[in-house]
Amino acid sequence: MKTLIYSVSALILTFLLSSCEKELDIKYHDIEPLTVIEGELTPDGVRVTLTQTTPMDEPMDRTHLTDADVVLSDLTTGEEYLLTVGNDGVYTSAAGGIVGHDYRLDVTRGAASYSAMTHMYAGTEITELAFSWIAMPYDDVAVLRASLTDNPETSGDCYWLRIYRNGESYMTGIVKDTYAVNGLVSVMKMTSRKDIDSEDESTVLRDGDIVTLTVTPVSPSMYDYLEALENGTNGPYMFTGDRCLGYFIATTPVSSSITFRPDEIPDDK
């Protein structure tokens with residue numbers, strides 16, 4: 001595989017466009033409490049959580065709501081699946097999604113009802129995952145670099161990036177295929193500085209940490225939703241019916257992991 005050479009300016013641009021350090025823990029702008037639905041259908045099944053918006057001046061409340069009826073419909077085959085809620089407050093079904101099918105998620109809570117439809121996306125492939133040091137004015141910073149396969153016959157393909165540190169949420173980001181080269185989308189994320197005594201605990205990486213990148217193809221509307229959250233706004237409404245926030249996606253995530261070994265990381269050139 002051809003090694004791509006990245007410039008500092010390209011790195012900084014990518015970082016500014018896609019950097020975010022928490023996984024959808026957004027305090028939505030002050031409004032009356034709204035139901036927040038977060039649903040993800042994969043080939044392994046479907047998971048849906050229901051919470052409520054938290055005012056900007058209050059601590060984040062991620063308590064799950066369990067008083068709803070949640071139904072997944074395969075619009076391609078006509079099959080319906082009633083999701084069940086577990087002790088963790090998550091609605092699930094083992095019915096996996098099929099690439100190319102269309103799906104609808106219906107949620108009924110009291111007198112309110114919400115509905116969202118989406119297409120099931122195929123997965124990409126992570127062809128490269130590596131760290132390199134880049135010199136910044138304040139210190140060297142470890143940059144996580146990845147390459148993703150992208151269909152050159154389509155345009156506007158969008159990807160949701162979720163990075164985990166030892167299994168815990170670490171960073172997120174989004175990227176489009178706008179700058180794909182030879183069927184590859186390049187991703188760069190600035191992580192921990194070399195002097196970890198000066199690094200914030202939320203971003204520090206230590207020798208032996210396992211860093212996992214999960215890439216999820218998403219629709220352009222989901223890309224816009226995630227971009228709005230990164231910019232501190234509530235985002236577009238993804239559901240019809242009564243007013244609510246959240247999203248429903250049907251997709252095929254792929255993951256790759258790397259062990260952070262600072263003494264083995266090369267300098268970026």
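Because the structure is a prediction, the values reported are computed rather than measured. (Residues numbered from 1 in each chain as written. Predicted model: local features only at pLDDT ≥ 70, side-chain atom pairs only at ≥ 80, totals over all residues. Heavy atoms only, no water.)

1. Considering helix α2 (residues 220-230)
Taken together, the buried positions of α2 are occupied by M222, Y223, Y225, L226, A228 and L229. In this fold, the buried residues of α2 make contact with β11 (158-165), β12 (168-176), β14 (210-218) and β16 (245-250). The first or second residue beyond α2 is G232, which carries a positive phi of 85 degrees. (Buried < 20%, exposed > 50% of the residue type's maximum accessible area, 1.4 Å probe, protein only. Helix = DSSP H or I, 4+ residues; strand = E, 2+ residues; numbered from the N terminus. Contact = heavy atoms within 4.5 Å.)

2. Here's the deal with the sheet that holds β16
The strand order β5-β6-β2-β1-β16 describes an open sheet built from five strands, whose pairing is mixed. Pairing within the sheet leaves two strands with one partner each, and these edge strands are β5 (84-85) and β16. Relative to strand β6 (residues 91-93), β5 runs antiparallel, the two sharing two bridges. Opposite T84, over in β6, you have T92 as the bridge partner. (Pairing = 2+ DSSP bridges.)

3. A short note on the environment of H101
Of note, H101 is situated in the loop between β6 and β7 (102-109). For H101 and T76, which are 25 residues apart along the polypeptide, the C-alpha to C-alpha distance reads 5.5 Å. Those residues in contact with H101 that sit more than four places away from it in its chain are D74, T76, T77, T118, H119 and M120.

4. Focus on the packing of aromatic side chains
Under the counting rule described, the total for this entry stands at four aromatic pairs. Here F131 and F260 contribute two aromatic rings whose centre-to-centre distance is 5.1 Å and whose plane-to-plane angle is 80 degrees, an arrangement assigned as edge-to-face. With F131 in strand β9 (residues 126-135) and F260 in the segment after β17 (254-259), this pair connects stretches of sequence that are 129 residues apart. Judged by relative accessible area, which is 5%, F131 ranks as buried. Exposure remark for F260: the relative accessible area of 1% places this residue in the buried category. When the centroid spacing of 6.0 Å and the interplanar angle of 55 degrees are considered together, the rings of Y225 and Y247 count as tilted. A residue pair is termed long-range when its members are at least 10 positions apart, and Y225 in helix α2 and Y247 in strand β16 qualify at 22 residues. This pair shows no difference in class: Y225 is buried, exactly as Y247 is. (Phe/Tyr/Trp six-rings, centres within 6.5 Å; stacked < 30°, edge-to-face > 60°.)

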